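An overview of the molecular structure
Next come the chains, spelled out residue by residue.
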Amino acid sequence: MISRGFAFILILTALSALAATAFRLQPAARNDSRGIREFGAVGDGKADDTEAVQRAIDSGKGSVFFPSGTYKITKTLHIDLDKTGPLAVTPEGNATLKMSGPGPCLSVVGTHGGTASPPTVKAEVWTRQRMPVISGLDIAGDHPEADGIRASGTLMLTIHRVGIRHCRHGIHLVERNRNLTVSDSHVYSNRGIGIFYDNVNLHQSNIVGCHVSYCDGGGVVCRGGEVRNIQIGTCDIEANMGGDSPPTANVLIDCEGGSTAEVAITGCTIQIGRAHV
């Protein structure tokens, strides 16, 4: 027979466990000062939210998040890492950036001029530019020359759970970058190239668990530059050739005018077909 004192202890223990579980299940609190609505963004798909979002990026808060909604963007949003410091761009719910102007929706720019070797990374790059993150956003093109994300001079750029559709190029890599990761993302139904290594100097890039399909100019395309260590794994890469586009491929490595080496394609499904029939 359980004594009253022991029963009381059991009840307290059970209540404490329930309270702890409830606390863990609560959504993480957001600091409203980081939300783009605090900077004047509307998110109705009609109002031009470009300037409000740019103010949020330039605020230097370290994290810019988008409440659910559709945010009309009419010119490139510039992420100057040397000015903003390390930055994460994320949604709270389901957020779409509707790119209604020419050029990239998001341009991420750093100053890393070294290699992937740690001694070549300057102190200010570690302090202010390390591992910028773009996660959980839907980028939808609404202009014939709209692109998704453009990157230059970055170190450890991480693109995760992002959808890019109806743009020209999805992810456009230019000039010099190091240690890129693109994961769990959908680069789908674009007029140009899905993931474009455009005469870039880039060592160490990982494309993992992505869907890169129905892009008229090719799926993963590398032209010129100096590229090493491309890892493409467990992706679905399909039908990346438009009906009226020049010949291309789901994965195209073109070394003319440059040098590409150390490429691994593992565990992917690659299916020939045309993007629009």
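Residues numbered from 1 in each chain as written. Predicted model: local features only at pLDDT ≥ 70, side-chain atom pairs only at ≥ 80, totals over all residues. Heavy atoms only, no water.

1. Remarks on the overall build of the chain
Looking only at helices and strands, one finds 4 helices and 18 strands in the chain. Within the chain, the fraction of its 277 residues that count as buried is 48%. (Helix = DSSP H or I, 4+ residues; strand = E, 2+ residues; numbered from the N terminus. Buried < 20%, exposed > 50% of the residue type's maximum accessible area, 1.4 Å probe, protein only.)

2. Some points on the nonpolar core
Formed by 53 residues in total, the largest nonpolar core has its most connected members in Phe66, Leu97, Leu106, Ile195 and Tyr197. Those residues in contact with Tyr197, other than ones at most four positions away along the chain, are Leu173, Leu202, Ser205, Ile207, Val220, Val221, Cys222, Arg223, Val227 and Ile230. (Core = buried A, V, L, I, M, F, W, Y, C linked by side-chain atoms within 4.5 Å. Contact = heavy atoms within 4.5 Å.)

3. Some points on the packing of aromatic side chains
For the coordinates displayed, the defined rule picks out 2 aromatic pairs. With a centroid separation of 5.4 Å and 70° between ring planes, the pair formed by Tyr188 and Tyr214 is classed as edge-to-face. Placement of Tyr188 in strand β12 (residues 186-190) and of Tyr214 in strand β14 (residues 211-215) is noted, with a sequence separation of 26 residues between them. Judged by its relative accessible area of 22%, Tyr214 is partly exposed. (Phe/Tyr/Trp six-rings, centres within 6.5 Å; stacked < 30°, edge-to-face > 60°.)

4. Observations concerning the pattern of salt bridges
Counted under the stated rule, the structure contains 5 salt bridges. For Asp147, the salt bridge is made with Arg168, and the minimal N-O distance between the two is 2.9 Å. Within this pair, whereas Asp147 is found in strand β8 (residues 146-152), its partner Arg168 is found in the loop between β10 (163-165) and β11 (171-183), the two being separated by 21 residues in sequence. Classification of Asp147 as buried rests on a relative accessible area of 4%. (Salt bridge = Lys/Arg side-chain N within 4 Å of Asp/Glu carboxyl O.)

5. Describing the pairing of strand β13 (residues 193-208)
Note: β11 against β13, 11 bridges, orientation parallel. Within β13, the position partnered with Ser183 by the bridge is Val208. In this structure, β13 lies alongside strand β15 (residues 218-233), joined through 12 bridges in parallel fashion. Along β15, the bridge assignment pairs Tyr197 with Cys222. (Pairing = 2+ DSSP bridges.)

6. A word on the environment of Met99
Along the chain, Met99 turns up in strand β4 (residues 88-99). Through-space distance from the C-alpha of Met99 to that of Glu145 is 9.5 Å; in sequence the pair is 46 residues apart.

7. Regarding the confidence of the model for the chain
Of all residues in the chain, 86% attain a pLDDT of 70 or more, and the chain-wide mean is 89. Confidence over residues 18-34 falls short of pLDDT 50; this stretch has 13 contacts with residues more than four positions distant or in other chains. (pLDDT = per-residue confidence, 0-100.)

8. As for helix α2 (residues 50-58)
Those residues of α2 that fall on the buried side of the exposure criterion are Thr50, Ala52, Val53, Gln54, Ala56 and Ile57. Looking at the buried residues of α2, the elements they touch are β1 (44-48), β2 (63-73), β3 (77-80) and α3 (81-84). Once α2 ends, the next one or two residues include Gly60, with phi positive near 75°.

9. Concerning the environment of Pro132
In this structure, Pro132 sits in the loop between α4 (123-128) and β6 (133-135). Apart from the residues within four sequence positions on either side, Pro132 is in contact with Leu81, Leu87, Val108, Leu155, Met156, Leu157 and Thr158.

10. A few points about a nonpolar patch on the surface
Taken together, the side chains of Ile253, Val263, Ile265 and Ile270 make up a nonpolar region of the molecular surface, amounting to roughly 300 Å² of accessible area. Per-element tally for the nonpolar patch: the top contributor is strand β17 (residues 251-266), with 3 residues. For Ile270, a relative accessible area of 45% puts it in the partly exposed group. (Patch = residues over 30% accessible without salt bridge, like charges linked within 9 Å, V, L, I, M, F, W, Y side chains within 5 Å. Areas by Shrake-Rupley, 256 points an atom, 1.4 Å probe, with all protein chains shown as cover.)

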